[in-house]
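Structural overview
The residues making up each chain are set out below.
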Protein chains: 12
Amino acid sequence: MTDPISTVLEPEQQRIAGDALCATVVDLIDLSLIGKQAHWNVIGPRFRTVHEALDELVDTARGFTDAAAERATAIGVSPDGRARTVAADSGADPFPEGWQQDGDVIRSIVSTLAAVVRRLRERIDASEKADPVTQDLLIDIAARLEQLHWMWQAQAA
Amino acid sequence: MTDPISTVLEPEQQRIAGDALCATVVDLIDLSLIGKQAHWNVIGPRFRTVHEALDELVDTARGFTDAAAERATAIGVSPDGRARTVAADSGADPFPEGWQQDGDVIRSIVSTLAAVVRRLRERIDASEKADPVTQDLLIDIAARLEQLHWMWQAQAA
Amino acid sequence: MTDPISTVLEPEQQRIAGDALCATVVDLIDLSLIGKQAHWNVIGPRFRTVHEALDELVDTARGFTDAAAERATAIGVSPDGRARTVAADSGADPFPEGWQQDGDVIRSIVSTLAAVVRRLRERIDASEKADPVTQDLLIDIAARLEQLHWMWQAQAA
Amino acid sequence: MTDPISTVLEPEQQRIAGDALCATVVDLIDLSLIGKQAHWNVIGPRFRTVHEALDELVDTARGFTDAAAERATAIGVSPDGRARTVAADSGADPFPEGWQQDGDVIRSIVSTLAAVVRRLRERIDASEKADPVTQDLLIDIAARLEQLHWMWQAQAA
Amino acid sequence: MTDPISTVLEPEQQRIAGDALCATVVDLIDLSLIGKQAHWNVIGPRFRTVHEALDELVDTARGFTDAAAERATAIGVSPDGRARTVAADSGADPFPEGWQQDGDVIRSIVSTLAAVVRRLRERIDASEKADPVTQDLLIDIAARLEQLHWMWQAQAA
Amino acid sequence: MTDPISTVLEPEQQRIAGDALCATVVDLIDLSLIGKQAHWNVIGPRFRTVHEALDELVDTARGFTDAAAERATAIGVSPDGRARTVAADSGADPFPEGWQQDGDVIRSIVSTLAAVVRRLRERIDASEKADPVTQDLLIDIAARLEQLHWMWQAQAA
Amino acid sequence: MTDPISTVLEPEQQRIAGDALCATVVDLIDLSLIGKQAHWNVIGPRFRTVHEALDELVDTARGFTDAAAERATAIGVSPDGRARTVAADSGADPFPEGWQQDGDVIRSIVSTLAAVVRRLRERIDASEKADPVTQDLLIDIAARLEQLHWMWQAQAA
Amino acid sequence: MTDPISTVLEPEQQRIAGDALCATVVDLIDLSLIGKQAHWNVIGPRFRTVHEALDELVDTARGFTDAAAERATAIGVSPDGRARTVAADSGADPFPEGWQQDGDVIRSIVSTLAAVVRRLRERIDASEKADPVTQDLLIDIAARLEQLHWMWQAQAA
Amino acid sequence: MTDPISTVLEPEQQRIAGDALCATVVDLIDLSLIGKQAHWNVIGPRFRTVHEALDELVDTARGFTDAAAERATAIGVSPDGRARTVAADSGADPFPEGWQQDGDVIRSIVSTLAAVVRRLRERIDASEKADPVTQDLLIDIAARLEQLHWMWQAQAA
Amino acid sequence: MTDPISTVLEPEQQRIAGDALCATVVDLIDLSLIGKQAHWNVIGPRFRTVHEALDELVDTARGFTDAAAERATAIGVSPDGRARTVAADSGADPFPEGWQQDGDVIRSIVSTLAAVVRRLRERIDASEKADPVTQDLLIDIAARLEQLHWMWQAQAA
Amino acid sequence: MTDPISTVLEPEQQRIAGDALCATVVDLIDLSLIGKQAHWNVIGPRFRTVHEALDELVDTARGFTDAAAERATAIGVSPDGRARTVAADSGADPFPEGWQQDGDVIRSIVSTLAAVVRRLRERIDASEKADPVTQDLLIDIAARLEQLHWMWQAQAA
Amino acid sequence: MTDPISTVLEPEQQRIAGDALCATVVDLIDLSLIGKQAHWNVIGPRFRTVHEALDELVDTARGFTDAAAERATAIGVSPDGRARTVAADSGADPFPEGWQQDGDVIRSIVSTLAAVVRRLRERIDASEKADPVTQDLLIDIAARLEQLHWMWQAQAA
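Calculation rules
Residues numbered from 1 in each chain as written. Chains lettered and ligands numbered in written order. Predicted model: local features only at pLDDT ≥ 70, side-chain atom pairs only at ≥ 80, totals over all residues. Heavy atoms only, no water. Least-squares fit on C-alpha atoms with pLDDT ≥ 70 in both. Contact = heavy atoms within 4.5 Å. Helix = DSSP H or I, 4+ residues; strand = E, 2+ residues; numbered from the N terminus. Buried < 20%, exposed > 50% of the residue type's maximum accessible area, 1.4 Å probe, protein only. Polar contact = N/O pair within 3.5 Å; in protein donor to acceptor, adjacent residues only side chain to side chain. Buried area = accessible area lost by both parts, 1.4 Å probe. Salt bridge = Lys/Arg side-chain N within 4 Å of Asp/Glu carboxyl O. Nonpolar A, V, L, I, M, F, W, Y, C, P; charged D, E, K, R; others polar.

1. Quick notes on the relation of the copies chain F and chain E
- When chain F is fitted to chain E, the residual RMSD is 0.0 Å, and the transformation amounts to a turn of 120° plus an axial shift of 0.0 Å. Interpreted geometrically, this transformation is the action of a three-fold axis. Within chain F, Asp136 of chain F has its C-alpha nearest the rotation axis, a separation of 4.9 Å.
- Of all interface residues in chain F, a mere 6% are interface residues in chain E too; the two copies therefore contact each other through different surfaces.

2. With respect to the environment of Val58 of chain E
All names here are of chain E.
- Assignment of secondary structure puts Val58 in helix α2 (residues 47-74).
- On the basis of relative accessible area, Val58 is assigned to the buried category, the value being 1%.
- Not counting the four nearest positions on each side in its chain, Val58 is found in contact with Ser32, Gly35 and Lys36.

3. Some remarks on the relation of the copies chain E and chain G
- With an RMSD of 0.0 Å, chain E superimposes on chain G once it is rotated by 180° and translated 0.0 Å along the axis. These values place the two chain copies in the arrangement generated by a two-fold rotation axis. Taking C-alpha positions as reference, the residue of chain E nearest the rotation axis is Ala83 of chain E, located at 2.9 Å.
- A high fraction, 100%, of the interface residues of chain E reappear at the interface in chain G, so the copies pair face to face through one surface.

4. Focus on the arrangement of the chains
- Chain I makes no contact with chain H, the minimum C-alpha separation between the two being 43 Å.
- Separated in space, chain J and chain L share no contact, their closest pair of C-alpha atoms being 21 Å apart.

5. Some thoughts on the side chain of Lys36 of chain D
- With respect to the helices and strands, Lys36 of chain D occurs in helix α1 (residues 11-41).
- We classify Lys36 of chain D as buried; its relative accessible area is 10%.
- Polar contacts involving the side chain of Lys36 of chain D include one to the side chain of Asp66 of chain C, which spans 2.6 Å.
- In this view, Lys36 of chain D contacts Asp66 of chain C together with Asp55, Val58 and Arg62 of chain D; residues no more than four positions away in its chain are not counted.

6. Some points on the interface of chain F and chain E
- If you look at the interface, chain F gives 17 residues, while chain E gives 14 residues.
- At the boundary of chain F with chain E, total buried surface from both sides reaches about 1300 Å², with 59% on carbon and sulfur atoms.
- For the chain F face of the interface with chain E, the top three residues by lost area are Arg121, Trp150 and Gln153 of chain F, together amounting to 43%.
- Taken together, chain F and chain E are joined by two salt bridges.
- Among the salt bridges present, the one from Asp131 of chain E reaches Arg121 of chain F, with a minimum N-O distance of 2.9 Å.
- Counting across the interface, chain F meets chain E through four residue pairs in polar contact (both at pLDDT 80 or more).
- Among the elements of the structure, α4 (102-130) and α5 (132-156) of chain F are those that each provide at least two residues to the side of chain F that touches chain E.
- For the side of chain F that touches chain E, the element with the highest residue contribution is α5 of chain F, accounting for 12 residues.
- Residues that form the side of chain F that touches chain E fall into these classes: nine nonpolar, three polar and five charged.

Okay, structure coming up:
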């Protein structure tokens with residue numbers, strides 16, 4: 001079965017915007033899984049604030065995952081957010097197994113957020129010509145992730 | 001670092017209950033990723049009801065994932081819900097890529113729910129002696145997943 | 001048409017749990033009808049508190065009716081809550097017609113609750129081996145009905 | 001004990017309005033029991049929408065049952081909504097036992113709503129002279145049931 | 001200044017409907033003042049239920065006062081709800097000064113509600129030809145006050 | 001395709017009630033469009049209060065449009081609320097283009113409300129025999145529009 | 001029947017505080033009746049803002065009426081808020097009958113608020129020694145009425 | 001009266017952005033009227049989901065109509081959303097009269113959404129230089145309408 | 001460790017206000033424990049109203065306990081609300097063990113409230129010079145407890 | 001007065017379950033008093049998170065106190081939660097007086113939770129045969145307290 | 001223009017109370033600006049709790065600013081809260097520019113709160129004779145700021 | 001201490017975007033202070049609507065101040081919103097001291113909004129190349145302020 005969902009975009013525009021969105025879906029799902037992993041395994045004096053801040057991160061990642069995936073469908077591109085795909089293609093840093101001290105969790109999240117934001121910035125540039133609607137969504141995601149990046153850095157300062 | 005979280009359970013009880021919980025965490029995360037994948041890719045005359053029912057399934061899976069993972073921490077066992085672990089260890093059926101007709105989605109969800117419930121039932125038996133608190137949580141999860149199993153079957157009847 | 005809804009339970013387990021649930025559905029529907037009948041027909045100095053307490057009883061009975069009926073469907077058993085079935089099979093005490101003094105209403109509700117609870121207790125024992133998920137639901141129902149039983153007794157003391 | 005609740009209506013007015021209300025109470029309780037019975041037993045591709053629409057029907061029936069019964073009490077007439085009375089006197093169509101295909105459920109509900117509405121229309125005429133307050137309530141009930149009648153027909157078209 | 005608010009009613013229709021509404025405004029304001037007076041001064045074993053039921057009565061009376069007064073303005077008739085007018089023209093029974101036993105309060109409220117309802121019934125008849133919109137509002141008020149009349153009688157039974 | 005929705009009304013009753021409802025739908029849609037047009041274009045010292053009052057008018061018109069249209073469907077009559085139909089058949093006064101001073105807006109709304117109410121009054125009389133349920137809805141609409149008519153007149157006084 | 005409610009205050013303290021509270025109850029009831037009278041009868045360009053501001057005044061007056069009356073009961077003094085008492089003893093300015101221009105309403109409310117506040121200030125002084133709890137309530141009432149006094153003056157400036 | 005509302009835009013920028021906004025207002029009003037027309041007239045097995053999805057469409061269209069019209073006023077351009085203007089200038093497909101099968105409704109909405117989105121895309125390009133604020137709003141509207149376009153297509157697949 | 005929390009009060013002022021607050025904390029905790037004890041053990045015809053009124057008392061006592069304790073901390077005084085301290089220092093009347101008839105509960109609560117209020121009144125006088133902020137809080141507590149004292153007396157009258 | 005509340009349990013079952021519940025009530029009240037004591041007296045860099053986490057602990061303890069006490073009443077056993085009983089019989093660790101550093105508070109709460117949980121576990125075993133409904137409640141309490149135990153340990157790690 | 005708002009206070013009373021309120025307005029605005037400045041610039045391990053606690057401080061300061069300014073207007077005194085006035089007259093400590101470590105922020109806020117509270121205490125004494133209503137407001141502000149002073153000190157202990 | 005917060009922007013991009021944001025923070029704080037100053041000091045017939053509209057303006061300004069300041073922090077730039085900075089650098093028009101007639105307030109706000117919007121437009125152009133995320137925020141702020149600019153102009157027309 002091919003192309004059950006049509007779009008007003010040109011094929012090349014569709015390809016560029018679709019690639020940007022699908023890669024973002026994968027990064028954001030991994031971010032939400034890492035956020036939960038850290039939420040459960042963090043220990044240390046700052047346990048409570050870090051534990052709660054991680055759920056705020058997870059909520060953000062989940063909300064934008066849905067937005068990016070449904071923007072892909074809106075331009076006729078099928079998104080792929082299955083575990084295997086995420087495990088293979090995510091641009092986020094791997095997160096270690098087992099209990100983690102709060103300071104280590106903070107450093108790890110700061111680093112992962114920086115990696116995800118850097119990839120987003122490239123996609124914002126790439127999608128400008130292809131589809132301003134997609135670019136606008138990627139800008140929204142970057143705005144929020146950069147805000148979280150500041151907050152997690154501020155705790156590490 | 002070993003055992004930062006202590007428990008009143010005996011080591012053997014802790015091992016049995018911990019194994020049951022960690023495996024449940026993995027199954028439920030995969031269930032939530034499959035639910036979202038289907039939520040985005042379903043097409044067909046029943047699109048809207050299936051699209052919405054899948055989000056109900058995802059919310060259920062996410063809520064119980066957290067409950068199971070935090071029960072594991074409560075008995076001093078570190079849960080592992082990272083993408084790689086889920087991709088490797090999940091007991092759910094694989095979900096195909098690309099757009100999917102609504103009838104196929106329904107059949108796939110019915111089958112995956114049956115697989116997850118069957119594994120849960122075994123863990124309910126195994127955890128009875130080890131930890132009635134853990135067993136009680138697994139019973140709650142089974143009760144809700146079996147209810148969803150009925151609802152998804154009812155649509156296929 | 002037979003068995004459109006499958007279950008992981010063995011046939012004998014399904015039969016025992018299904019019987020317990022279906023009989024509970026009938027008792028609870030009758031309890032809700034009796035509660036409303038009393039709600040409308042009570043008179044006397046304690047009219048307001050009894051009138052309101054009866055609606056609390058009706059809400060409880062209705063909520064658990066749904067829970068028990070949907071647990072039956074979850075294990076592939078079709079529940080029967082039609083007027084004729086309730087009139088024929090209910091284990092609740094009959095409630096007299098016409099206006100009723102508040103003291104008489106209280107005595108009647110105490111007696112009906114005792115009858116329903118006693119039958120529930122037997123089903124809790126019966127369902128332990130057959131299906132712990134069903135047993136767990138019946139325990140929840142008993143817990144709440146025994147609480148109401150105390151409250152209605154307390155008014156009669 | 002006779003007549004603990006007095007009314008400003010003449011005895012004949014009270015009798016006519018009381019009869020209309022008591023018969024309505026019985027029809028509406030049966031409608032709510034049938035609605036729940038169908039809610040649990042419906043199967044088929046339209047399971048979810050029909051399952052939910054039936055709860056909307058049940059809520060409507062329950063709300064108006066209370067309104068009609070408390071209008072009866074307001075004019076000094078004791079309503080009777082016990083299981084036995086409903087089983088004996090209801091004007092609704094009987095609903096078959098066991099699992100039911102969604103199309104059969106829709107046809108059955110359309111037919112039952114038509115029967116209940118037709119009886120209501122007669123009572124609206126009968127109560128005009130006897131008691132405009134009662135008539136006004138019956139008109140409200142008819143308005144909502146006729147709206148539901150359209151919606152259930154529309155699904156069958 | 002005369003007639004700043006025009007209406008589509010004929011002068012005679014306006015006069016009849018306006019008289020019915022203005023008299024209702026006065027009765028309902030007095031009912032709300034009596035309700036509050038009783039709310040503060042009631043004593044006795046049923047203090048709490050009577051105290052609270054009186055606020056329910058006051059809320060009802062206040063809401064309908066506004067509805068009746070704004071219906072009068074809608075047909076170009078200026079309503080008069082000043083203390084002096086209420087003291088002079090109310091059809092409600094006078095309420096005694098000082099602390100009152102709960103049983104006395106109940107009897108007094110039952111009697112006042114009966115008086116107000118009887119006057120409302122006459123205005124419903126009178127306004128039928130003059131203005132069905134006004135009649136409809138008076139029917140709504142009567143429906144609710146007759147319900148309260150039953151509830152207060154039920155406590156006295 | 002003819003008559004997919006049946007009704008308990010006689011054909012003549014259906015025709016009279018249907019005509020009254022369909023014409024009301026058209027008037028109310030135009031009222032909502034005029035309300036929005038004025039909402040955007042009003043200027044002058046009373047801008048804010050008029051701007052907000054117009055949204056209250058629009059909400060009212062939209063709510064009753066839906067009620068009238070769905071009452072038409074409930075008696076088997078298809079309503080027509082398309083732009084062309086509204087432009088051709090509306091009984092409301094035309095509203096001028098461009099920015100409008102607040103005083104002019106008030107006078108225009110008062111005049112349009114009077115026209116719509118006058119037509120409603122005729123339909124209330126016409127539908128009394130045909131269908132009391134329809135009449136009851138038209139009375140509700142008139143009650144609210146006459147209240148708004150007073151409020152808009154009061155500002156002009 | 002005498003003194004069913006006892007107090008820890010001395011008889012003289014009780015008399016002074018009780019007089020202050022009972023007179024405040026009467027003033028505030030009259031203020032709420034005047035507020036409603038003006039709410040219905042105001043006309044003119046500022047109709048909407050004045051109409052709404054009057055309801056804010058009425059809510060304030062009603063809330064403090066209850067607070068003052070229940071403070072009287074708390075010190076064993078029976079409050080009197082019946083229509084006849086209010087008509088005879090209120091310290092508020094009389095409000096004219098019939099439709100009133102908005103400017104006239106504003107001037108009238110400013111004047112009435114000033115009169116009520118002036119009387120409150122005297123009672124605040126009088127109750128300081130007698131009962132600081134009563135004084136605290138009167139200060140709260142004065143604070144809010146003086147705020148309203150400013151707002152109504154500001155409209156007249 | 002000319003130009004009561006000034007703007008910081010150059011006249012040419014104002015003209016381009018104003019034209020884009022005013023045409024969008026007309027398309028969106030028509031979309032909301034078509035959505036309601038379909039909401040009332042749809043019949044068929046998917047009645048409920050389509051009936052509800054149409055209200056979601058109407059809410060979206062109404063919300064963006066207001067946003068676009070108020071953006072026009074913000075740059076000093078008077079919007080025109082009267083029935084006659086909509087009937088003459090809308091870019092949406094005409095919708096047939098009378099009852100409509102659900103499949104036909106879905107095809108019709110898909111086609112109308114495509115037409116409206118295509119026109120929006122042109123205005124997004126046109127407004128980039130003229131006014132980035134206006135462009136941003138048009139991008140938001142397109143993002144949501146393209147999402148709805150996917151959802152309606154998905155049902156037709 | 002001494003004095004980690006500083007205050008602007010003089011040492012003597014701090015001592016007087018601190019003593020008043022700490023003693024109030026102890027009385028109010030005991031009041032809340034007595035309220036709960038009675039809530040569980042009351043029986044008799046007025047069970048429901050007394051059972052609920054006791055929770056209102058408990059909520060009040062708990063809220064003011066926190067307010068008084070945090071006022072103590074705000075002036076640098078450590079509050080002591082441990083079970084042993086409450087058992088030793090409370091000024092409330094002891095409450096008997098076991099089931100209690102409703103009339104006995106009412107008399108007991110009236111007596112305990114009177115004792116607590118009397119002690120509060122002394123502290124209000126004592127704290128006037130020492131700290132008007134503390135006095136203001138004690139006045140608030142007395143106002144509410146005296147209101148409850150009236151309500152519980154009213155039930156006993 | 002003996003046994004005003006009857007139960008369906010055998011006397012021996014009642015004794016075992018009643019003892020388990022009454023001891024739990026005492027432990028939980030002490031836990032809530034200790035939680036509040038710590039809430040007020042904690043100081044140190046982690047003041048805010050510990051201060052808030054203690055209120056979460058207090059809410060939990062209060063909620064389960066009520067549940068356990070009302071389960072005791074439901075089986076005809078009078079609970080005793082008076083200050084003196086709690087001071088004498090609590091199984092929680094004593095909490096020191098005066099200001100406490102946050103680290104000390106955390107260690108103290110961890111230790112007290114461990115003691116309370118250990119006692120709960122014994123009662124879960126003891127009540128299994130005596131009353132599954134009581135056992136189910138104790139399991140719920142243990143599940144939540146063990147979760148809190150993990151969270152407080154995690155902060156100390 | 002002079003004195004558009006009149007007051008019942010004597011000129012000297014008005015002057016004293018007005019000065020106290022206007023100076024409080026300036027202090028509180030500065031407190032809210034400092035709170036926001038710190039909210040944005042804080043860094044360090046306690047970032048999150050301090051960041052959030054600062055917003056609680058800002059909300060408090062803003063709420064009381066409004067209360068104090070509107071109390072000034074209520075006694076006919078025009079408040080001045082413009083940037084220049086705040087920069088010139090504030091009694092709060094200056095806050096340094098640039099990023100600030102969390103410990104430094106805490107010390108700075110403790111010191112500023114102490115300064116503001118000390119000035120408030122003087123105004124409470126000064127306003128006692130002049131205007132008890134104003135004094136009551138200043139006491140409320142001091143109560144809350146002293147509570148915050150404790151909480152910020154507790155974090156520094 | 002330098003640069004505790006890193007960013008993915010180039011230094012020049014960071015400088016341009018940071019300057020635009022910091023200047024916006026200062027303008028918006030001044031706008032909120034002016035809005036409050038006017039909120040308290042406005043008098044005249046339109047007092048209420050202007051008084052309320054000013055709070056809407058203040059809420060808008062406060063919300064965007066936070067957004068702009070936190071966007072600055074997100075790109076590693078420390079914002080400065082202290083009273084002295086605002087008094088020195090704000091681009092808003094000065095607001096006169098003392099009571100102000102409503103017409104003067106409206107003219108003053110229109111002029112200040114125009115000044116702020118003009119500066120924002122320049123920063124939108126400047127930040128396009130430097131940082132699209134910052135530009136997007138500035139566009140959002142301009143959109144809302146231009147909407148308010150229209151509404152305040154409309155009142156002056």
